[in-house]
Every structure is written in structure tokens, then in C-alpha cells.
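Per-entry structural report
Residue-level listing of the chains:
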Amino acid sequence: MPTSWHRTPEELHKIYVANTEAFYRVAGRSTAGELDKFMTDCALGLWRRSGAVTQQHVDAANELYSKGRERGSWLLWDLTGAVCRAQDALPPMFLWSLAERDRREGRDSSRVFVRMVTNILLHLAAVDDDVSMAEAEYITDVSDRLSAVCDSAGVKPSKPALNAADYVTSGEPSFIDKNPPAASAAAEAAAPEPDKAAAGSDKAPSLDELMAELDGLIGLADVKRDVKSMVNLIKVRRLREQNGLPVPPMSLHLVFTGNPGTGKTTVARLLGGIYAAIGVLKKGQLVEVDRSGLVAGYVGQTALKTQEVIKSALGGVLFIDEAYSLASGGENDFGREAIETLLKAMEDHRDELVVIAAGYDGPMEKFISSNPGLESRFNKFIHFPDYNGAELLEMFRLQCKKNGYTLTPEAEARAAELFNELYENRDENFGNGRTVRNLFEDAVVRQSDRVAALPSPGREELMALLPEDLESEDE
């Protein structure tokens, strides 16, 4: 059955501008770039749940730009790839500031933003003239995440966002269901262990190998020092126990703070292996989730969903990204149920589960201090700083080497300038490693366009990245 939310690309752009302009009047136009990026990220995640990615989705994606900003330039092939790689969008940082202002001034602009996002996403779900249940569930989850920010800041109640489930027109399987990615960490963790004798090469890495891998990470000097101190502390505790000496209580649960792309997940994976290598954990696997992986949409289901994730993480590390989104001020928010279930499991399985909660610095500090149970279990914070220009350049070199590309001396000099500029002008949404990946992927596209025009490119031309490949003309 066709949906009443379907619009032409031109109509969709008018709706987008009308909504965003109304928002900028209360929040300020300085948020335009971040808002457009957030809505595009939401669209990519939403269309993972659609039946297919078509030219209709491309046309819609290109209309997601605020008044006065540049129109999108998506093509079908790169939009499809972006949809396949899409991750759940983080609540934009300006929403936290806006919610705090609302609380102080008794306003509800942040809740207006939640309603605006929900409306736009319903139109984006309907670009193929259909709104599936999977799309509706995604829209509801985005709305819940944003509302949790408002709730945690104490913003006064307001008119709720539309219930996306009321506008479902079909049960079409999602694009990602038709084109499944590799098995998730949770699924891998829940799978039975292979026969080590038969596998041979599946031997778990040694402590020395894991510590060498940790040392090989770019930057993160303070993080490496903190991890090594924890390992030493655990070793000495073991020796004291063996010699009949008392040992003070110690929590292995951690809080990782920092911007996206700073290596938090990578270090969490290594830490799981290190804990297994020194005998603290049985398996050391990493299970990575966020709010959507723990919280369900109905009463009583969140505890069951959280318990299943915890079960898959036993013997290893449960890594909760954007953990602050679980906390909210509303009595009916299901994130509270997830927190209580998690706290009970941390007590019941204290010797077989390590939990690492991760997110932005400020929101994570508020999250931990919001609950005495969280404060008592998470007493060790590790901060992941932004990478500086030299470290970003080193990451870019590794991307080139890994993928068979070379930088000419001129290109390397220009790359160094670009990364220093990016670092010096960074804001709270700086992407770090993700920025490097995006710049590398964009450079490969430009290089391909350039090399395709050559009459008979050789091996060197196919590999070389030139200065003009690193940025478009308007940049």
C-alpha cells in the first residue's frame, strides 16, 4: 500500500528547508553543517532497513542540505556503499548544549528538534513509496536516543514525536537483511568454540604479542601507560594472593572517554585478549553494543534483550558505545531497565565479565554520576585524546600502504598541511581516525577519476596519489 509520506525530491527539499529553518531560528545557524551531516548519517542508517537502495534514494540524499549550503553529489554506487557501511548516528553535540539551555530557560527547543528529525526521517523512509516496519523501528530508536538527551538534561515534557509504527505500509525485508554483513561480534561470541587441535592456527595470541600490538598503535601514550599499569597491578595481586598477603578490592570495569575515531574499540579488543592471556577472563572476546542493542521498545523486553547480550559476553568484554544514552530522567525510559539489568549482571558475574562504557567526556561523567551503582563499579576512567596532525598523517600513510597506494613527495607535504589544519581547527565533533578514512576514500575516488582519463596508465600511475587527489577544487 503506498504511503502518504512520499514526496518528489523537490518537495522533499522544501520540507527539509522549512523544518531546518524553523529550528535555526531558535538554535542558531552555526549548527547547520553538523545538522546536515547528522541527518545524512541517519538517512544512511535508515536505508539499511529499506527494501533496496535505488535512484530514488540517491535523489533524496542529494536534497538533504540546509538553505545556503551546497547540494549533495551522491551517485548510486557510492550511496549503496555508504549504506552498507553505515553505523547508527551519534546524537549531535549541539543537542546537549541546547537541552542544557532549555532546562535553564524552561524551553523545549531540543524536543522540537526530536519531532523535526522524526518527521524528516518518515519522509526519507517513504522515498520508495513504502515505510517498512524495520524503518519504523529505526526511526523510533533515533527518536528515543535524542529524547534521552533531553530527559537526562531535565528538559520539561513536551508534545511527543510521531509514532513511526503508525505509518508502516509493508513488511518488506530490509536491504541489510537481503545483503547481510559479516557476523557481529555478539554472534561470534555466542558461537561454539572451534576445535583448537583441528584449527591449529587459531591459537590465541600471547600476552607479549598483544602488548606488542598495543605498543604498535599510533599515539595514545597515556592510554598505553594506563593499560600496562593495570596489567602490572593484576600480576602483583596474583603474587600477593599466592603468598597469603591481603589484596584490596579492585574493579576491572572501565570508562573510556573521548571523541569518535580515537581507538577506544581497538584498545577494548586488545584489553579483552590481555585479560584472557593473564587468566582474568576465560575467553577474552569483545562484544560491542550501543543503546539499540540493549533497549527494546516494549515493557519487559529490555531486560531480556540485555540479558542475551550479557550472556554472549560472559568470559570476555562487553563494550557499550554511547553508554550515556542509556540514562534518562523519565520514569518510563527503558534505558533505566537496561542499566539495572547490567548492574545486577556485573555483580552476579563479577569473575567472568568486564564491562567498558564509552562515549564523549562530559556526557559520560554525567552518566556515571547519575547512579550510585555505576559510580561504585566504574571507578577507572581512561581518556583517549584526539590525534594530532603528525599522527593523522601516519594513519593516512598506513591506509595508503595497506591498499596499494603511494604518496608523491608533493602529496605527502600537502597531506601534512591538511591534517595539521584539521587538527588545529577541530571541534567537539572531530572524527580522528574516521576523518582519515574518509579523506583516503575521497582521495581514491578523485584519483580514479583522474587516472581513468589517462590513455594507458601504468602501475606507478595507478598507485600514485597526487596533491590534487587530496582535496576538491572548491575545498
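Procedures and definitions
Residues numbered from 1 in each chain as written. Predicted model: local features only at pLDDT ≥ 70, side-chain atom pairs only at ≥ 80, totals over all residues. Heavy atoms only, no water. Salt bridge = Lys/Arg side-chain N within 4 Å of Asp/Glu carboxyl O. Buried < 20%, exposed > 50% of the residue type's maximum accessible area, 1.4 Å probe, protein only. Helix = DSSP H or I, 4+ residues; strand = E, 2+ residues; numbered from the N terminus. Core = buried A, V, L, I, M, F, W, Y, C linked by side-chain atoms within 4.5 Å. Polar contact = N/O pair within 3.5 Å; in protein donor to acceptor, adjacent residues only side chain to side chain. Contact = heavy atoms within 4.5 Å. Expected span 1.5 Å × (residues − 1). Phe/Tyr/Trp six-rings, centres within 6.5 Å; stacked < 30°, edge-to-face > 60°. Axes fitted to C-alpha atoms, helices over the stretch in contact; angles between N-to-C directions. Parallel < 35°, antiparallel > 145°, perpendicular 65-115°, else oblique. Left-handed = near helix turned anticlockwise from the far one by under 90°. Nonpolar A, V, L, I, M, F, W, Y, C, P; charged D, E, K, R; others polar. Pairing = 2+ DSSP bridges.

All told, the structure shown has 26 salt bridges when counted by the stated rule. Between Arg 71 and Glu 63 there is a salt bridge, with its nearest N and O atoms 3.1 Å apart. By relative accessible area, which is 41% here, Arg 71 ends up partly exposed. Using a relative accessible area of 8% as the deciding quantity, one classes Glu 63 as buried. A salt bridge links Glu 100 to Lys 366; the shortest N-O distance between them is 2.6 Å. Here Glu 100 is found in helix H5 (residues 93-105), whereas its partner Lys 366 is found in helix H17 (residues 361-369), with 266 residues between them in sequence.

Next up on the list: the nonpolar core. With 82 residues, the main nonpolar core has Trp 47, Phe 113, Leu 124, Leu 318 and Phe 367 as its most contacted residues. With 51 residues, the next largest nonpolar core counts Ile 234, Leu 270, Val 317 and Leu 465 among its residues.

Along the chain, Asp 290 turns up in the loop between strand S2 (286-289) and helix H14 (291-294). Residue Asp 290 is classed as buried on the basis of its relative accessible area, which comes to 12%. There is a polar contact of 2.6 Å between the side chain of Asp 290 and the side chain of Ser 292. Look past the residues within four positions of Asp 290 in its chain and what remains in contact with it is Asp 88, Arg 145, Asp 321 and Glu 322.

Once that is clear, we can look at H5. Between its first and last C-alpha atoms H5 spans 19 Å; for 13 residues at 1.5 Å apiece the expected length is 18 Å, and the two agree. Once H5 finishes, Gly 106 follows within two positions and takes phi at roughly 70°, a positive value.

Within this structure, the stated rule accounts for twelve aromatic pairs. Consider the rings of Phe 23 and Phe 94, whose centres lie 5.8 Å apart with planes at 45°: the pair is tilted. Pair noted here: Phe 23 is in helix H1 (residues 9-27) and Phe 94 is in helix H5, with a separation of 71 residues, a long-range link. Using a relative accessible area of 2% as the deciding quantity, one classes Phe 23 as buried. Ring centres of Phe 38 and Phe 113 lie 6.1 Å apart, and the angle between their planes is 35°; on these two criteria the pair is classed as tilted. Here Phe 113 lies in helix H6 (residues 109-125) and Phe 38 lies in helix H2 (residues 32-47), a separation of 75 residues in the sequence. Residue Phe 113 is classed as buried on the basis of its relative accessible area, which comes to 0%. Among the aromatic residues, those joined into a ring-pair cluster are Phe 23, Tyr 24, Phe 38, Phe 94 and Phe 113.

Orientation of helix H19 (residues 389-402) relative to helix H21 (residues 433-452), taken along the N-to-C sense of each, is 45°, at an axis distance of 10 Å. By the criterion of interaxial angle, the relationship of H19 to H21 is oblique. Between H19 and H21 lies a crossing of right-handed hand. The segment H19 lies against H21, with Leu 392, Met 395, Phe 396, Gln 399 and Cys 400 engaging Gly 433, Val 436, Arg 437, Leu 439 and Phe 440. Its residues assigned to classes, the contact of H19 with H21 comprises seven nonpolar, two polar and one charged.

Bringing the pairing of strand S4 (residues 353-359) into the picture now. Within S4, seven of the seven residues are buried, leaving the element largely enclosed by the surrounding structure. Sheet topology note: the strand S1 (residues 254-258)/S4 ladder contains four bridges and is parallel. Each residue of the ladder has a partner; that of Thr 257, found in S4, is Gly 359. Sheet topology places strand S3 (residues 316-320) next to S4; five bridges connect them, and they run parallel. For Val 317, the partnering residue across the bridge sits in S4 and is Val 354.

Remember that the coordinates give geometry; whether it matters functionally is a separate question.
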